[in-house]
Amino acid sequence: AKQAGQGNIRFFSHDLTEQARRRRTLEEGLHRALEREEFFLCYQPQLDLHGGATVGMEALIRWRGPDGQLVAPMEFIPLAEQTGQILAIGQWVLRQACRQGRAWHDAGFSTLQMAVNLSPCQFLQDNLPQLLDQVLLETGFPAHCLELEITEGVLMHDPVRAARMLAVLREMGVGFSVDDFGTGYSSLAYLKRFQLDRLKIDRSFVRDCCHDRQDGAIVDAIISLARNLGLDVIAEGVETASQLDFLRAQGCGLVQGYLFSPPLPASEVTGWLTSSIA
Ligand code: C2E
Ligand code: CA
Ligand code: CA
Ligand code: CA
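Residues numbered from 1 in each chain as written. Chains lettered and ligands numbered in written order. Predicted model: local features only at pLDDT ≥ 70, side-chain atom pairs only at ≥ 80, totals over all residues. Heavy atoms only, no water.

As annotated in an unreviewed UniProt entry, the chain is Bifunctional diguanylate cyclase/phosphodiesterase from Chitinimonas lacunae.

Put into structure tokens, the structure is as follows:
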């Protein structure tokens, strides 16, 4: 592509659709985002439904671009996956989340779990165990407090390889959740072969679980499945008290969603933890 100085694309731009132009701007911005320190993490509380305590936090990346506007992860993560930039970004996320987790442990919240989203290509990197080892050592965050969230697709893409990677990382003490559970195409037969800790019910099922009989049945089935396989289950995207009541009645153990808290900037987490544990 031809560029007219300062990364400002002029030439050919009239040929591009609005979408392609947006994509290229994002791609160029992403290149510099790490060095310019434009990323930061927010943390969404995960609560134990029984005692109501916050047991963990999910780290969610945020990008404030050069123009000061926030770009949604749903927009830039898929792009970063296509360009391969996700590897460097994902490393940064892992390190930052563990560093922050350690700081909260040191502040007295010593059992807090940290959930980190892993992109498919991160999970399939042969050097992931070494990277994790290095990050845990460097940050002093305990492996057993780290929970990696992966999707069904990454498990089913190459089940043998995925099972091997899971085994190695589980051996290190790291836990695994299957994110967006129910939206992919995992074979239930495979589920028992993978060493997993937790299923995360996708928020599309949670949204209508108390109005839509089918969504309710799916939520119910995932909770029973998890229980029968000896896995934890967490519902994401819980927004209303009736959803909460439904989940509680079905025996869901953990919840996360706007009903409790949106993803919080790090500076607000200590306050949250103090008031939610007291
Ligand atoms: P996800 O992992 O399924 O994360 C949950 C998304 O739901 C987050 O959106 C969160 O802010 C949002 N959410 C939380 N509670 C509620 C609720 O009650 N209602 C609704 N409607 N939404 C809720 P976010 O932060 O925009 O992230 C979107 C997706 O981007 C994530 O989906 C995940 O797939 C990806 N992502 C975010 N951070 C990272 C990261 O550090 N690494 C990777 N690889 N992917 C990430
Ligand atoms: Ca997630
Ligand atoms: Ca999810
Ligand atoms: Ca998702």
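Q: Please clarify how the coordination of the calcium ion (ligand 2) should be interpreted in this entry.
A: Working reference: metal with six octahedral donors, ideal angles 90 or 180 degrees; metal with four tetrahedral donors, ideal angle 109.5 degrees. Only E58 (OE), N117 (OD1), E149 (OE) and D179 (OD) from the protein coordinate the calcium ion (ligand 2), and they sit 2.1 to 2.3 Å from it. Of the residues examined, N117 reaches a relative accessible area of 27% and is grouped as partly exposed. (Donors = N, O, S within 2.8 Å, 3.2 Å for Na, K, Ca; no water. Buried < 20%, exposed > 50% of the residue type's maximum accessible area, 1.4 Å probe, protein only.)

Q: Sorry if this is basic, but what is going on with the coordination of the calcium ion (ligand 3) here?
A: The calcium ion (ligand 3) binds to the protein through D179 (OD), D180 (OD), E236 (OE) and E236 (OE); the donor distances cover 2.2 to 2.5 Å. One chain supplies every donor to the calcium ion (ligand 3), and in sequence these donors are spaced D-D-x55-E. In this structure the calcium ion (ligand 2) is found 4.1 Å away from the calcium ion (ligand 3), and D179 serves as a bridging donor for the pair. Placement of D180 in strand 6 (residues 175-181) and of E236 in the loop between strand 8 (232-235) and helix 11 (241-250) is noted, with a sequence separation of 56 residues between them. (Helix = DSSP H or I, 4+ residues; strand = E, 2+ residues; numbered from the N terminus.)

Q: Help me understand the site of ligand 1 in this model?
A: Close to ligand 1 lie 21 residues; Q44, R62, R203, E239 and Y258 are nearest. In this structure, a nitrogen atom belonging to ligand 1 sits 3.1 Å away from a main-chain N or O atom of I61. Between Y258 and ligand 1, the recorded distance is 2.8 Å, taken from a backbone N or O atom to an oxygen atom. Starting from 800 Å² of accessible surface for ligand 1 in isolation, the protein chains cover 85%. When contributions to the shell around ligand 1 are tallied by element, the ones reaching two or more residues are strand 2 (54-64), helix 2 (73-83) and strand 6. Sort the elements by how many residues they give to the shell around ligand 1 and strand 2 lands first, with four residues. The class makeup of the residues in the shell around ligand 1 is nine nonpolar, five polar and seven charged. (Near = heavy atom within 4 Å. Polar contact = N/O pair within 3.5 Å; in protein donor to acceptor, adjacent residues only side chain to side chain. Areas by Shrake-Rupley, 256 points an atom, 1.4 Å probe, with all protein chains shown as cover. Nonpolar A, V, L, I, M, F, W, Y, C, P; charged D, E, K, R; others polar.)

Q: Before we go on, may I ask you to explain helix 7 (residues 159-172) in this structure?
A: Residues that lie three or four places apart on an α-helix share one face, since the helix turns once every 3.6 residues. For helix 7, with 14 residues, the first-to-last C-alpha span of 20 Å sits near the 20 Å given by 1.5 Å per residue. For helix 7, the full list of buried residues reads P159, A162, M165, L166 and L169. Looking down the long axis of helix 7, one finds its buried residues gathered within 125° of arc, a one-sided arrangement. Across from the buried face of helix 7, at angles greater than 90 degrees, the exposed residues are V160, R164 and E171. Here the buried face of helix 7 lies against helix 4 (120-123), helix 5 (128-139), strand 5 (146-151), helix 6 (152-157), strand 6 and helix 8 (188-191). Downstream of helix 7 by one or two residues, G173 has phi in the positive range, about 110°. (Expected span 1.5 Å × (residues − 1). Arc of directions from axis to C-beta. Contact = heavy atoms within 4.5 Å.)

Q: Help me understand the packing of aromatic side chains in this model?
A: With the rule as written, the count across this model stands at six aromatic pairs. For the ring pair Y43 and W104, a centre distance of 4.8 Å and an interplane angle of 85° mean the geometry is edge-to-face. Of the two residues, Y43 is situated in strand 1 (residues 39-48) and W104 in helix 3 (residues 86-106); the sequence distance between them amounts to 61 residues. Between W63 and F76, the aromatic rings sit 5.4 Å apart at their centres with planes inclined by 80°, giving edge-to-face as the arrangement. Here the residue W63 occupies a position in strand 2, and F76 occupies one in helix 2, the gap between them amounting to 13 residues. Exposure remark for W63: the relative accessible area of 2% places this residue in the buried category. Accessibility expressed as a relative area gives 0% for F76, which makes it buried. The structure contains a cluster of three or more aromatic residues connected by ring pairs, namely F39, W63, F76 and W92. (Phe/Tyr/Trp six-rings, centres within 6.5 Å; stacked < 30°, edge-to-face > 60°.)

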